[in-house]
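Results of the structural survey
Each chain, letter by letter, is given below.
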Amino acid sequence: FFAPSTDAAQISLQSDFGVLGLSTGGVSKTTTLRATVRTSVGTGSQPVGNARVHFSIANPTGGGESIAPADVDTDATGLATATFTSGSVSSGQGGVTINAAVLNTAVTAAPISIVIGGTPGSVVIGRGSKITVLNPTTYALPMAILVADTDGNAVTGAKVSLSLWPTQYSSG
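First, a word on scope: everything that follows refers to the structure included in this document. Predicted, not measured: the structure shown is a model, and the values here were computed from it. (Residues numbered from 1 in each chain as written. Predicted model: local features only at pLDDT ≥ 70, side-chain atom pairs only at ≥ 80, totals over all residues. Heavy atoms only, no water.)

**Description of the environment of Ile131**
Within the secondary structure layout, Ile131 lies in the loop between strand S10 (120-127) and strand S11 (132-135). Apart from residues no more than four positions distant in its own chain, Ile131 is found in contact with Tyr139, Ala140 and Leu141. (Helix = DSSP H or I, 4+ residues; strand = E, 2+ residues; numbered from the N terminus. Contact = heavy atoms within 4.5 Å.)

**Brief notes about the sheet that holds strand S3 (residues 30-38)**
Read across the sheet, four strands follow the order S1-S3-S7-S5 without closing on themselves; strand pairing throughout is antiparallel. Looking at the sheet topology across the chains shown, the edges are occupied by strand S1 (10-15) and strand S5 (66-68). Between one strand axis and the next, the sheet turns by 25° as a mean value, whatever way the strands run. In this sheet, strand S7 (residues 79-85) lies alongside S3 in antiparallel orientation, the contact comprising seven bridges. Bridge pairing in S7 links Thr31 to Phe84. (Pairing = 2+ DSSP bridges. Axes fitted to C-alpha atoms, helices over the stretch in contact; angles between N-to-C directions.)

**So, the pattern of salt bridges**
Within the structure shown, the criterion is met by two salt bridges. Where Arg34 meets Asp16, a salt bridge forms, and the shortest distance between an N and an O atom there is 2.4 Å. Here the residue Arg34 occupies a position in strand S3, and Asp16 occupies one in the loop between S1 and strand S2 (19-20), the gap between them amounting to 18 residues. The class for Arg34 is partly exposed, based on a relative accessible area of 32%. In this structure, Arg52 and Asp73 form a salt bridge, with 2.7 Å as the shortest nitrogen-oxygen distance. Placement of Arg52 in strand S4 (residues 52-57) and of Asp73 in strand S6 (residues 71-73) is noted, with a sequence separation of 21 residues between them. (Salt bridge = Lys/Arg side-chain N within 4 Å of Asp/Glu carboxyl O. Buried < 20%, exposed > 50% of the residue type's maximum accessible area, 1.4 Å probe, protein only.)

**What about the environment of Leu103?**
As for its placement among the helices and strands, Leu103 is situated in the loop between strand S8 (96-102) and strand S9 (112-116). The class of Leu103 is partly exposed, set by a relative accessible area of 34%. As a C-alpha pair, Leu103 and Asp71 span 32 residues in sequence and 8.7 Å in three-dimensional space. Contact partners of Leu103, with chain neighbours within four places excluded, come to Arg52, His54 and Asp71.

**Brief notes about the side chain of Ser86**
With respect to the helices, strands and loops of the structure, Ser86 is situated in the loop between S7 and S8. A polar side-chain atom of Ser86 sits 2.7 Å from the main-chain carbonyl oxygen of Gly21. Only 2.8 Å separates the side chain of Ser86 from the side chain of Ser23, close enough to count as a polar contact. Beyond its immediate sequence surroundings of up to four residues, Ser86 is in contact with Leu20, Gly21, Leu22, Ser23, Lys29, Glu65 and Ile116. (Polar contact = N/O pair within 3.5 Å; in protein donor to acceptor, adjacent residues only side chain to side chain.)

Listed below in C-alpha cells is the structure:
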C-alpha cells in the first residue's frame, strides 16, 4: 500500500558515491541516485508510489556527464532510482550539482554534489637521501613528485613545473 502521487509532500535525494573518476577510454564511472518521495515530514509520513521524479544536473562540466533515465516513477516504497555517469572533464572541488523534483508539483529535494575527479588537488614532493656528484661543479639529488585529485587518487599525466634557487653558495 502506498499514497497516491497527488499526496507527495517531500523528496530526499542520495547518491552511493560523492566522488567519481573520469569516464575515459570506454570505461564509464557511475553511481546510483536514489530519490525517496513521502507524504509529509515526521513519523506519520507514508511512501508515495507512482510519482514521477525528474533528475537533472544543474552545472554540467561539458564533458558528457549524464543521468539515465532522467524521469523515473517511484515504486511502492516511494523510491525512484537513476544512474549518474561521469564525463571526461573534471568538475573541480565543488562538484556537479544534482537535483531531483516530483514532476507537476513544487516538491524538490535538497541538491547534492558529486565530484568528478581528475583535477589536481594536492602535490607532494619527496627527495632522495643520497647526493650524487656528477662532476666537480654539479651535484644531483633524486626527487619524486606525486599529484593527487581531491579524493586522493593519482592524477596521471599531470604537468608539473619546478624551479630551484639556491639559498646560499660559495666560491673558491
